[in-house]
Amino acid sequence: MSTIRIPFGPQHPALEEPINFIFEVEEEKVVNVTPRLGYIHRGIEKLAENRTYLQNVYLAERICGICSFAHAACYSQAVEELLGTEVPEKARFIRTIIGEMERVQNHYLWLGLTAKEMGFETLFMYAWRDREKMLEILELISGKRVNYGVNTIGGVRCDISSEMLEEIKDKLHQLEERAKYYKSVCTKDQTILKRTVDVGILAPRDALKLCAVGPTLRASGVARDVRSDYPYAAYGEVPLRVVTYKGCDVSSRILVRIDEIPVSIGIVEYALENLPIGPIRVRVPRVVPEGEAVSLVEAPRGEDLHYLRSDGSEKPARLKVRAPTLANLPALCKMLVDVNIADIPVVIAGIDPCIACAERVIMIDVESKKRKMWSGEELRRYAIEWYQKR
Amino acid sequence: MMISSLIKRILGKDAQEILSPREGRLFIRISREKLRESVKRLAELEGFSHLSTITGVDTGSEIELIYHLSHRDALVSLRVFVSKEAAAVPTIVDLIPGASLYEREVHDLFGVRFDGNTDLSPLLLPDDWPEDIHPLRQEWSLERINERMREK
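Draft legend 1. Representation of the overall build of chain A within the structure. Regarding its fold elements, chain A presents 15 helices and eight strands. In terms of overall size, chain A behaves like a compact globule, its C-alpha atoms giving a radius of gyration of 21 Å where 390 residues would be expected to give roughly 21 Å. Sequence-distant contacts in chain A: of pairs separated by 6 or more residues, those separated by 24 or more amount to 70%. Carbon and sulfur atoms provide 53% of the accessible area of chain A, an area that totals close to 15900 Å². Computed over 54 positive and 55 negative side-chain charges, the separation of the two mean positions in chain A equals 4 Å.

Draft legend 2. How the structure looks around the environment of V321 of chain A. When you line up the elements, V321 of chain A lands in strand β8 (residues 316-322). The sequence separation of V321 of chain A and Y307 of chain A amounts to 14 residues, and the corresponding C-alpha distance is 6.5 Å.

Draft legend 3. Inspection of a nonpolar patch on the surface at higher detail. A surface patch of nonpolar side chains, about 320 Å² in accessible area, is lined by Y382, W386 and Y387 of chain A. Note that Y387 of chain A resides in helix α15 (residues 376-389).

Draft legend 4. Representation of the pairing of strand β3 (residues 50-58) of chain B. Residue and element names in this part refer to chain B. Within β3, nine of the nine residues are buried, which leaves the element mostly enclosed by the surrounding structure. With eight bridges connecting them, β3 and strand β4 (residues 62-70) associate as antiparallel partners. Bridge pairing in β4 places G56 opposite L65. Hairpin connection from β3 to β4: three residues lie between these consecutive antiparallel strands, with G60 at a positive phi of about 110 degrees.

Draft legend 5. Inspection of the packing of aromatic side chains at higher detail. All names here are of chain A. Throughout the structure, instances matching the rule amount to six aromatic pairs over all chains. Look at F21 and F23: their rings are 5.7 Å apart centre to centre, the planes differ by 25 degrees, and that puts the pair in the stacked class. Overall, the relative accessible area of 1% leaves F21 in the buried class. Judged by centre distance (6.0 Å) and plane angle (75 degrees), the rings of Y108 and Y182 are edge-to-face.

Reading the values: rules and limits
- Residues numbered from 1 in each chain as written.
- Chains lettered and ligands numbered in written order.
- Predicted model: local features only at pLDDT ≥ 70, side-chain atom pairs only at ≥ 80, totals over all residues.
- Heavy atoms only, no water.
- Helix = DSSP H or I, 4+ residues; strand = E, 2+ residues; numbered from the N terminus.
- Rg over C-alpha atoms; globule rule 2.2 N^0.38 Å.
- Contact = heavy atoms within 4.5 Å.
- Areas by Shrake-Rupley, 256 points an atom, 1.4 Å probe, with all protein chains shown as cover.
- Lys, Arg positive; Asp, Glu negative; His and termini not counted.
- Charge placed at Lys NZ, Arg CZ, Asp CG, Glu CD.
- Patch = residues over 30% accessible without salt bridge, like charges linked within 9 Å, V, L, I, M, F, W, Y side chains within 5 Å.
- Salt bridge = Lys/Arg side-chain N within 4 Å of Asp/Glu carboxyl O.
- Buried < 20%, exposed > 50% of the residue type's maximum accessible area, 1.4 Å probe, protein only.
- Pairing = 2+ DSSP bridges.
- Phe/Tyr/Trp six-rings, centres within 6.5 Å; stacked < 30°, edge-to-face > 60°.

Structure below.
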């Protein structure tokens, strides 16, 4: 039988972000997959070497729009380790709270996108409507819906006051109720079951061999979670259950995430009840002593790693970021082998890919050397000029 | 048994330097020749299946590669140094298949060759990127890359 090569992406209606796969197919079955990244490589690791430690908190936050908090927390922890700074207890709790809130909004967002890939648009709209509640809570605490700017080196910048508690608890309760409803939908609805059960299989052995992380790994029955393996922030003091499913398919990946929602809400409620009193940040010196640190955080999509090296100056000598999506790509390619062409989008959605996270290297403006902030209007004008010149 | 003494026993004299800046973190220096053997011995250990990533660092005169392997009790970082002129190490893809993209990433950005890895095609850089520019090497400052790209 002859093999046909089909390019998928970087621009494709079923993908939100630019990535390219070359699928080799025989009739309706995928027999081989080759991924290609690089379409939104922004040079963040290089840029980090040209920024101060504090500026890099905000840079790290912008690696990803959805798990922005995880990256900023991971980076801050690495700097704090090099400085030998003890973060105040209250800050550790607030980091845990915001981290879990981010996980809940991420899982709702992901559930919606996956439903969309299945063609179940109603579920997509319901899930995104409910996600708004979590964004409202985050806005209440930090003033922003995404890129919260909560982290700083030495603690956090936003406190949670007692006036906020009632509204937060009320919304958390609603989100927990909705998660129960989605669980019943995703375990009973025939459309979902037919599209997800036994689709995109990743055997536990392969998941380990290919170094998968996060919910993708846990849906293959492997109970690994940075929060319990290497506790950071206030993990270790809050009730945490690592959710696993043994189905190894897209359905299990959905259920792991839906079950993680009440676990996260439980952690937030516990942390709010037991919120310590005291300062939320300590002052830190600008210059970081020589040394190196590896920081790990369980981002909503899985293990996030930041490696930081200091040469004793105001700027890092090296910042290396490995976001969870890159770790899950080899596993994704394995899952895609043997699926039907029609199932490709839902299997890709299954790992919760964030391509912006997976890429961070170099972007050079060859037109002008200047670094400049552009308004939307300037950007538009530039685009018009550019096209006219052509 | 404590993880650090377990590793000392397993790697023996191959571990040239062992640092533990904090609990749960180990940095071990090994020679280039012993890299595959060390990774293999660690990968066979219970609970040592996961390679988090490979970090490249330009130390000025050499390229340092750090293999972050996680164990239940500690994150173990194996450190290898290679010269800039002949930057090459043996691949570990056959031992840990999950290393494939990490090796390509380091190859793109630092120009380190992984001997035995059959697919080192560009992963992150554009197809027409000049072969001699390794953007994360220190001699390639933002300005220098900029100049070079403008010449084209």
